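One letter stands for each residue in the lines below.
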Amino acid sequence: MGYDIHRLEEGRKLFLGGAEIPFSRGLAGHSDGDCLIHAIIDALLGAMGEMDIGQMFPDTDPQYKGIHSTALLERTMTELRKKGMCVQHVDSVIIAEHPKLAPHIPTMKEVLCPLLGIEREDLGIKAKTNEGLGAIGRGEAIAALVQVLVAVDIRS
Ligand code: MG
């Protein structure tokens, strides 16, 4: 299980699920701030008994500054495969008041499925608003919730 939230900030590009989404603001962070990928990484690390994304890729480490989160996911998948495991299913929810994310979900799947080694029907990405409530509802942040199912890879 993974969860992440990042603030929206002027002057940054918005990346979610590895897709660049046209918007007036982007997610703040040491990396590209992609909270969906960060939540996926945390879910994977949890499933393999590791700590969390902050331990694995410290935001004090200059090598991760401005890094695309897809690269962090790639490294996480390498660790998972080293342990003889594979991903079976991923389900997720992105909570964002703006922009409208549904049109970008196919692109997110195009980026994420090859990285995760799964088919499109095994990756769920749902987008919803926070009904105007709280910080997310005021458009100050975007959050993501993720569940992954991993298995022992019988091919390895
Ligand atoms: Mg994060």
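Residues numbered from 1 in each chain as written. Predicted model: local features only at pLDDT ≥ 70, side-chain atom pairs only at ≥ 80, totals over all residues. Heavy atoms only, no water.

### Things to note about the overall build of the chain
In step 1: Looking only at helices and strands, the chain has five helices and seven strands in total.
In step 2: Taken over C-alpha atoms, the radius of gyration comes to 15 Å for the chain, in line with the 15 Å a tight globule of 156 residues would show.
In step 3: Taken along the three principal axes of its C-alpha coordinates, the chain extends 45 × 35 × 25 Å.
In step 4: Residue burial in the chain is summarised as follows: out of 156 residues, 49% are buried.
In step 5: Sequence separation of 24 or more characterises 70% of the internal contacts of the chain that already satisfy a separation of 6 or more.
In step 6: Total accessible area on the chain is roughly 8100 Å²; 52% of this is exposed by carbon and sulfur atoms.
In step 7: Considering the chain, the positive charge centre built from 16 side chains and the negative charge centre built from 22 side chains are found 2 Å apart. (Helix = DSSP H or I, 4+ residues; strand = E, 2+ residues; numbered from the N terminus. Rg over C-alpha atoms; globule rule 2.2 N^0.38 Å. Buried < 20%, exposed > 50% of the residue type's maximum accessible area, 1.4 Å probe, protein only. Contact = heavy atoms within 4.5 Å. Areas by Shrake-Rupley, 256 points an atom, 1.4 Å probe, with all protein chains shown as cover. Lys, Arg positive; Asp, Glu negative; His and termini not counted. Charge placed at Lys NZ, Arg CZ, Asp CG, Glu CD.)

### A look at the pairing of strand β1 (residues 2–10)
In step 1: The pairing of β1 with strand β7 (residues 141–152) spans six bridges and is antiparallel. Along β7, the bridge assignment pairs tyrosine 3 with leucine 145.
In step 2: Direction of pairing for β1 relative to strand β4 (residues 25–27): antiparallel, over a ladder of three bridges. Bridge pairing links leucine 8 to leucine 27 in β4. (Pairing = 2+ DSSP bridges.)

### So, the packing of helix α3 (residues 69–82) against helix α4 (residues 105–116)
Between two packed helices, both the angle of their axes relative to each other and the distance between the axes serve to describe the pair.
In step 1: Where α3 meets α4, the axes come as close as 9 Å, and the angle between the chain directions of the two elements is 25°. Between α3 and α4, the interaxial angle falls into the category roughly parallel. Classified by chirality, the crossing of α4 by α3 is right-handed. Packed against α3, whose contacting residues are Thr70, Leu73, Glu74, Met77 and Arg81, the element α4 presents Val111, Leu112, Leu115 and Leu116 at the interface.
In step 2: Taken together, the residues of the contact of α3 with α4 break down into six nonpolar, one polar and two charged. (Axes fitted to C-alpha atoms, helices over the stretch in contact; angles between N-to-C directions. Parallel < 35°, antiparallel > 145°, perpendicular 65-115°, else oblique. Left-handed = near helix turned anticlockwise from the far one by under 90°. Nonpolar A, V, L, I, M, F, W, Y, C, P; charged D, E, K, R; others polar.)

### A closer look at the pairing of β7
In step 1: Bridge count for strand β5 (residues 85–95) against β7 is 10 bridges, and the pairing is antiparallel. Among the inter-strand pairings, isoleucine 95 is bridged to a residue of β7, identified as alanine 143.

### Notes on the packing of aromatic side chains
In step 1: Applying the stated rule across the entire model yields one aromatic pair.
In step 2: Here phenylalanine 57 and tyrosine 64 contribute two aromatic rings whose centre-to-centre distance is 5.3 Å and whose plane-to-plane angle is 80°, an arrangement assigned as edge-to-face.
In step 3: Under the relative-accessibility criterion, phenylalanine 57 is labelled buried at 8%. (Phe/Tyr/Trp six-rings, centres within 6.5 Å; stacked < 30°, edge-to-face > 60°.)

### Quick look at the coordination of the magnesium ion
Put simply, a metal with four donors set out as a tetrahedron has ideal angles of 109.5 degrees, and one with six donors set out as an octahedron has ideal angles of 90 or 180 degrees.
In step 1: At 2.1 to 2.3 Å from the magnesium ion lie its protein donor atoms, namely Asp4 (OD), His6 (NE2) and His38 (ND1).
In step 2: Here the donor residues of the magnesium ion share one chain and are spaced in sequence as D-x1-H-x31-H.
In step 3: For aspartate 4, a relative accessible area of 16% translates into the label buried.
In step 4: A relative accessible area of 13% means that histidine 6 is categorised as buried. (Donors = N, O, S within 2.8 Å, 3.2 Å for Na, K, Ca; no water.)

### Let's talk about the layout of surface pockets
In step 1: If you add up the space inside the largest pocket, you get close to 230 Å³.
In step 2: If you go around the largest pocket, you meet 15 residues; those closest to its centre are His30, Ser31, His38, Phe57 and Asp59.
In step 3: Of all elements in the fold, only β1, α1 (35–47) and α2 (53–56) reach the threshold of two or more residues within the lining of the largest pocket.
In step 4: In terms of residues, the lining of the largest pocket owes the most to one element, β1, which gives three residues.
In step 5: Tallied by class, the residues present in the lining of the largest pocket amount to six nonpolar, six polar and three charged.
In step 6: The space that makes up the second largest pocket amounts to roughly 160 Å³.
In step 7: Taken together, Ala96, Glu97, His98, Pro99, Lys100, Leu101, Ala102, Ala127, Lys128 and Thr129 form the lining of the second largest pocket.
In step 8: Here the lining of the second largest pocket is composed, by residue class, of five nonpolar, two polar and three charged. (1 Å grid on protein atoms, 1.4 Å probe; cavity = no way out; pocket = protein on both sides within 12 Å on 5 of 7 lines; lining within 4 Å. Points joined across faces, edges and corners; volume = space filled by probe spheres on them.)

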